[in-house]
Amino acid sequence: MGYSQLKIPKICEHCGKPFEAKTVTTRFCSDTCNNASLRLRKKQTLEEERKQKVLQESKAIIAEIQTRPYISIAEAVVLFGISKNTIHRLIRAGKIPAVNLGERLTRISRTHIEAMFTAVALPEQKPQEQQAVKLQYEPSECYTIGEVSEKYGISLSTVSNLIRRNSIPKREVGKFVYVPKEMIDKLLARK
Ligand SMILES: [Zn+2]
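Here the structure is a predicted model, which means the values were calculated and not measured. Starting afresh in each chain, residues are numbered from 1 along the sequence in its written order. Per-residue local features are limited, in this predicted model, to residues with pLDDT of at least 70; the limit for side-chain atom pairs, both in listing and counting, is 80 or more; totals at the level of whole chains, interfaces and linings are taken over all residues. Working from all heavy atoms in the structure, the side-chain values ignore hydrogens and water.

Caption draft 1: Seen up close, the coordination of the zinc ion. Those protein atoms acting as donors to the zinc ion are C12 (SG), C15 (SG), C29 (SG) and C33 (SG), and they sit at 2.3 Å. Between the four donor atoms coordinating the zinc ion, the angles at the centre fall across 104 to 114°, so the site counts as tetrahedral. Of note, the donors binding the zinc ion are all from one chain and are spaced C-x2-C-x13-C-x3-C. Of this pair, C12 sits in the loop between β1 (8-11) and β2 (18-21) while C29 sits in the loop between β2 and α1 (31-65); the two residues are 17 residues apart in sequence, bridging distant segments of the chain. The classification of residues rests on relative accessible area computed with a 1.4 Å probe and restricted to protein chains. Under 20% of the type maximum is buried, over 50% is exposed, and intermediate values are partly exposed. The buried category is assigned to C12, whose relative accessible area is 3%. Keep in mind that water is not among the atoms, so a site may look incomplete; donors are the N, O and S atoms within 2.8 Å of the metal, or 3.2 Å for Na, K and Ca. Any coordination sphere not matching a tetrahedral pattern (four donors, all angles between 85 and 135 degrees) or a square planar or octahedral pattern (four or six donors, opposite donors over 155 degrees apart, other angles between 65 and 115) is reported as irregular. Going along the chain from the N terminus, every DSSP run of H or I of four or more residues is numbered as a helix, and every run of E of two or more is numbered as a strand.

This is the structure in structure tokens:
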């Protein structure tokens, strides 16, 4: 490419200032912006790599937990996205078999919680249109997350997880999330 006197108006990709570029490939207004952008991208790459590593590690941990018949309460929290309180309540209610091996050494049956929290995820595969139709619920036909939590005695985060896992249609109005009563009742009545 030959030398050109041409000045190309551009916007600096780093600081957003308009400037005149000497070539079409110039992306930054100055060396300062060029270097700053390079540093930023390097940092983002490192951050992304770190995240991926953490994700890989937690995947490995989860894969390992999934092979054991008995798991700790902390592991159940990770594996099923349910709160410690919920697990303790289920143990007290005799819904999950638990073995107490000592202080903080409670081991609970993975298969039992699995049956409790993942079996309900089965009706997930529904045709798209059916889902769309089901969004037509009157407010009186809906619960708020708080109502579901109260009615079934499960924590708010567990309710949110169940809704997400089961692709239950929800509608947000202000700070409230509404979900269809019949779908929630059907889902939770099985327990
Ligand atoms: Zn700049």
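More follows now that the structure is in view.
Caption draft 2: Quick peek at the nonpolar core. What makes a nonpolar core is a set of buried Ala, Val, Leu, Ile, Met, Phe, Trp, Tyr and Cys residues whose side-chain atoms join them at distances within 4.5 Å. Judged by nonpolar contacts, the single largest core of 16 residues is most densely connected at V148, V159, I163, I168, V179, I184 and L188. Elements with a contribution of two residues or more to this core: β6 (142-144), α6 (145-152), α7 (156-165), β8 (176-180) and α8 (181-189). Top contributing element to this core by residue count: α8, with four residues. Whether two residues touch is decided by their heavy atoms; if any such pair falls within 4.5 Å, the residues are in contact. Beyond its immediate chain neighbours, meaning those up to four positions away, I163 contacts I145, I168, K170, V179 and I184. Judged by nonpolar contacts, the second largest core, of 14 residues, contains L79, I87, L90 and F117.

Caption draft 3: Here's a closer look at the environment of L162. The residue L162 is located in helix α7 in this model. Owing to a relative accessible area of 5%, L162 belongs among the buried residues under this scheme.

Caption draft 4: Representation of the side chain of S72. Here S72 lies in strand β3 (residues 70-72). Excluding residues within four positions of it along the chain, S72 makes contact with T106, R107 and I108.

Caption draft 5: View of a nonpolar patch on the surface. Where nonpolar side chains cluster on the molecular surface, the patch consists of Y70, V99, L101 and L105 and spans about 340 Å² of accessible area. Within the fold, L105 resides in the loop between β4 (98-100) and β5 (106-109). The exposure class of L105 is partly exposed, given its relative accessible area of 35%. A residue counts toward a patch only above 30% relative accessible area and without a salt bridge, and it is joined to like-charged neighbours within 9 Å or, for Val, Leu, Ile, Met, Phe, Trp and Tyr, to nonpolar neighbours within 5 Å. Computed with the Shrake-Rupley method and a 1.4 Å probe, the accessible areas treat only the protein chains shown as cover for residues. Salt bridge, as used here: a side-chain nitrogen of Lys or Arg that lies within 4 Å of a carboxyl oxygen of Asp or Glu.

Caption draft 6: Representation of the pattern of salt bridges. Counted by the stated rule, this structure contains five salt bridges. Of the charged contacts, one joins E13 and R27 as a salt bridge, the two residues approaching to 2.8 Å between their closest N and O atoms. With a gap of 14 residues between them, E13 in the loop between β1 and β2 and R27 in the loop between β2 and α1 connect regions that are remote in the sequence. Given a relative accessible area of 35%, R27 falls into the partly exposed group. Between D185 and K151 there is a salt bridge; the shortest N-O distance is 3.4 Å. Note that D185 is positioned in helix α8 and K151 in helix α6, a separation of 34 residues in sequence.

Caption draft 7: Representation of the sheet that holds β4 in the model. The strand order across the open sheet formed by three strands is β3-β5-β4, and the pairing between neighbours is antiparallel. In this open sheet, the two strands that pair with only one neighbour each are β3 and β4. If you compare each strand with its neighbour and ignore which way they point, the axes differ by 30° on average. At least two bridges found by DSSP between two strands is the condition for calling them paired. Here β3 pairs with β5 via three bridges, running antiparallel. Its bridge partner being in β5, Y70 is matched across the sheet by S109. In this analysis an axis means a line fitted to C-alpha atoms, helices contributing only their contacting stretch, and an angle means the value between N-to-C directions, from 0 to 180 degrees.

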